[in-house]
Every structure is written in structure tokens, then in C-alpha cells.
Amino acid sequence: MSSTKLPTRKLGPLTVSSIGLGCMGMSYAYGPTDEAESLRVLHRYIELGGNFLDTAEIYGPYENEKLLGRFLKQANRDEIVVATKFGFRIDPVSKTRVDDLDSSPENIRKVADESLQRLGIDVIDLFYQHRVDPQIPIQEVAGILGELVKAGKIRAIGLSEAGPQTIRAAHAIYPVAAVQSEYSLWSRDPEQNGVFATIRELGIGFVPYSPLGRGFLTGTIQKPTDLDASDWRLTNPRFQGEAFYKNMALARHISALAATKGVTPAQLALAWVLAQGNDIVPIPGTKRVKYLEDNLGAANVVLSKAELAEIDRLFPPGAAEGERYPEPMMAILNR
């Protein structure tokens, strides 16, 4: 890929590259990790004009923020927009996630301070509530986040996997810059559950995670054994049993269309996401430079109305087989 700078888009007060970089897999969930290669990915992303890095305290836990902290010491911090997240309870001794949500004011403040320290930065550019905590009114959460903005610890606030009512209630207390949710050709819920309508009414940006269907839409996964035995995706209903092969048939449509257009499946799938609105900033994740360069090439792919219509025909909303998370994780989405 050439060194042409990526186009930019707006998330509230933040100007970010049109394609961000999801960093979770560098430290968490997706099989073996390689810090040296991850650091090469981060440096190459910035070199190619990217500026938007997404992490969270839970990724590791803590290890992904620490990795980014090591990278940021070598980078020009002023040119990089860093997003991280709070909202889960983590056992302080075992350093493992406890399956409880925690958006208490005490935890929000604690995570902000600890994330700043791990990242080695003076301000978090975008601080998301990772999942909505039904025990803490969202108005209280937004109020605390607004206080952190005024204190200079964060620049903008975000919500992840929040429903329309929650988004409205938070935005009424303090402006929400971005809502992050899973969104791709095989996860089109925000189009139909009121999230897109709400954020567009309110002028809030949208950040799709897993815009490549957790790698499924790239054509690189052909059978379950292509994934390492430790890979979290093997617990995902869409990667199990008959659902895997039904979803593979859908993914082959993308591969065929991409071949016709002379682009890669990943570029076609990301170009489709980008074409859904200038307020959308996908954050595909990768642990390899070659996949990073492939992904960023999507910024140069233009899909015609006819091509978009053909993609919709072959891969309509709701086409994917299986839920996008195991049942306990589904229960805490879209609140």
C-alpha cells in the first residue's frame, strides 16, 4: 500500500483516520501473541496515516494498555487518538475478569487513573463505558465522565453496545462523541434496533468493532481448525457446528465479489462498512503487518450503488447463522 494518508472522519471533538486499529487481539482472546510483530503493526499503521487506536483495561487484563504504553513512548503522542474503556470488575489478586459489571463512580475514576498510568499518557482521548451497568443510572455515569473531561483526564466520552434510550439519556447529561458496537455484513443490528437512527439524530459518531466478522469475512478462515485451540472465537456460536459452514457459504459471496472487483475480501467488506455513512469509523484488528496493509487499502475502494445492492442481495440483514456471542454475553448487549 502507498503512504497516502488515510482520509479523516469526526467523532465528536476528535478527528480520526477513517479506519482505526483495534488492538485487542495483540494481547487477548485470539490465540498466541507476538509483541514484536504487534509493535511493527502499530508503527506501520501510523506510518500509513492511521491515528486511532482502540484498547481497554480488560484486554489482558491490562496487558494491551501496557503494550500501547510501550509503543506510545516511541511515537508522536500528539498525532495519535487513544480510546480505552472501563466497566468490568477485575479481581485485583488474580488479575482476571470477574463476570460483574462495575460502572460505579469509584471504579470509573480508578480505571481512568490506572489506564492513564499504563498507557503513559496525560489524557485519554476517548473513554468508553464498555458495557452498560444496569445497577448504575447512565445519567450518573455520564456525569462522572463529564467531570473527568473538565478535570483534563479525558477528552471525549463514549458508550459501547448501548441501546437507544441509554444513548439519549447519557447524551442529555454530557455529549457522547461515539457509540461502539459490533457491526459488519454479518452483524447489522444497529441498522434495525434504533441505534443508527438515534446517533444520527444526535450527531454522535459510530465505531464498528469486528467489522470483518471476527476475521470470517476475510477468506482466511476456511475451517474451525484454522483457529488456535486457545482462540476465543471457538466459543462463539457463529464459529460452531453447522453454523460455521452456513456462514462460510455467505463469506464466499464476499470473496467472489471481491475477485470480480480486483480487491481482497477484507477490502470489500470494510469498504461496505465505510460506505454506510461518513460518521462511521471501523476498527478492524490485526496482529500482522500484511493484514494491516490489506485492511487500510479499503479506504481506496469505492463501491457503486449497483455493487452495494448486490452485496445486500447476497448478504442481507440477519443472514448470519447463530448469535454473535454466547448467551451470557448476549444478555449484556444493547441495554
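For every chain, the first residue of the written sequence is number 1, and numbering continues from 1 along that sequence. Reporting in this predicted model follows two pLDDT cut-offs: at least 70 for local features of residues, and 80 or more for side-chain atom pairs to be given and counted; totals over whole chains, interfaces and linings ignore these cut-offs and use all residues. To obtain the side-chain values, all non-hydrogen atoms of the structure were used and water was disregarded.

Some remarks on the sheet that holds strand 10 (residues 176-182)
- Pairing between strands requires that DSSP locate at least two bridges from one strand to the other. Helix and strand labels come from DSSP, where a helix needs a run of H or I of at least four residues and a strand needs a run of E of at least two; each type is numbered from the N terminus. Taken together, seven strands build an open sheet; the order of strands is 3-4-5-8-9-10-11 and the sheet is parallel. Of all strands in the sheet, those with a lone pairing partner are strand 3 (21-22) and strand 11 (205-209), marking the two edges.
- By the bridge criterion, two bridges tie strand 3 to strand 4 (residues 52-54) in an arrangement that is parallel. When the sheet's bridge partners are listed, glycine 22 is paired in strand 4 with aspartate 54.
- The strands touched by helix 7 (residues 195-202) are strand 10 and strand 11; relative to strand 11, the strand with the most contacts, the crossing angle is about 145 degrees. By the convention used here, residues are in contact when the closest approach between their heavy atoms is within 4.5 Å. Comment: axis = line fitted to C-alpha atoms, over the contacting stretch for helices; angle = value between 0 and 180 degrees taken between N-to-C directions.

Here's the deal with the packing of aromatic side chains
- A pair of aromatic rings is counted whenever rings of Phe, Tyr or Trp (Trp by its six-membered ring) have centres within 6.5 Å, and the orientation is called stacked for planes under 30 degrees apart, edge-to-face for over 60 and tilted otherwise. Enumeration according to the criterion identifies 11 aromatic pairs in this entry.
- When the centroid spacing of 5.9 Å and the interplanar angle of 25 degrees are considered together, the rings of tyrosine 28 and tyrosine 59 count as stacked. With tyrosine 28 in the loop between strand 3 and helix 1 (35-47) and tyrosine 59 in the loop between strand 4 and helix 2 (63-72), this pair connects stretches of sequence that are 31 residues apart.
- A relative accessible area of 26% means that tyrosine 28 is categorised as partly exposed.
- Each residue is assigned to one of three classes by its accessible area relative to the maximum for its type, calculated with a 1.4 Å probe on protein chains only: buried under 20%, partly exposed between the two thresholds, exposed over 50%. In this structure tyrosine 59 comes out as buried when scored by relative accessible area, which is 8%.
- Ring geometry for tyrosine 183 versus phenylalanine 206: centroids 5.8 Å apart, planes at 85 degrees, classification edge-to-face. With tyrosine 183 in the loop between strand 10 and helix 6 (189-192) and phenylalanine 206 in strand 11, this residue pair connects regions lying 23 residues apart in the sequence.

Remarks on helix 10 (residues 289-296)
- For helix 10, the complete set of buried residues consists of Val289, Leu292, Asp294, Asn295 and Leu296.
- Taken together, the buried residues of helix 10 touch strand 3, helix 1 and helix 9 (265-274).

What about helix 2?
- Along helix 2, seven of the 10 residues are buried, which leaves the element largely enclosed by surrounding structure.
- Where helix 2 is concerned, the buried positions are Asn64, Glu65, Leu67, Leu68, Gly69, Phe71 and Leu72.
- Buried residues along helix 2 sit in contact with helix 1, strand 4, strand 5 (81-86) and helix 3 (105-119).

Observations concerning the pattern of salt bridges
- Just to be clear on terms, a salt bridge is a Lys or Arg side-chain nitrogen sitting within 4 Å of an Asp or Glu carboxyl oxygen. What the rule picks out here adds up to 29 salt bridges.
- Between arginine 324 and glutamate 161 there is a salt bridge, with the nearest N and O atoms lying 2.8 Å from each other. On the criterion of sequence distance, the pair formed by arginine 324 in the loop between helix 11 (305-314) and helix 12 (327-330) and glutamate 161 in the loop between strand 9 (154-160) and helix 5 (164-173) is long-range, its members being 163 residues apart.
- Among the residues examined, arginine 324 registers a relative accessible area of 6% and is labelled buried.
- Assessed through its relative accessible area of 3%, glutamate 161 is described here as buried.
- Between glutamate 182 and arginine 214 there is a salt bridge, with the nearest N and O atoms lying 3.4 Å from each other.

As for the nonpolar core
- Nonpolar cores were defined as sets of buried Ala, Val, Leu, Ile, Met, Phe, Trp, Tyr and Cys residues, with membership established by side-chain atoms within 4.5 Å. Leu21, Leu42, Phe52, Leu53, Leu126, Phe127 and Leu145 are the most contacted members of the largest nonpolar core, which has 101 residues in total.
- Top contributing element to this core by residue count: helix 9, with eight residues.
- The contact partners of leucine 21, leaving out residues within four places of it in the chain, are Met26, Val41, Leu42, Tyr45, Phe52, Leu53, Asp54, Ile283, Pro284, Thr286 and Leu292.
- Judged by nonpolar contacts, the second largest core, of nine residues, contains Ala56, Ile58, Tyr62 and Ile90.

Any link to function would need more than the numbers given here.
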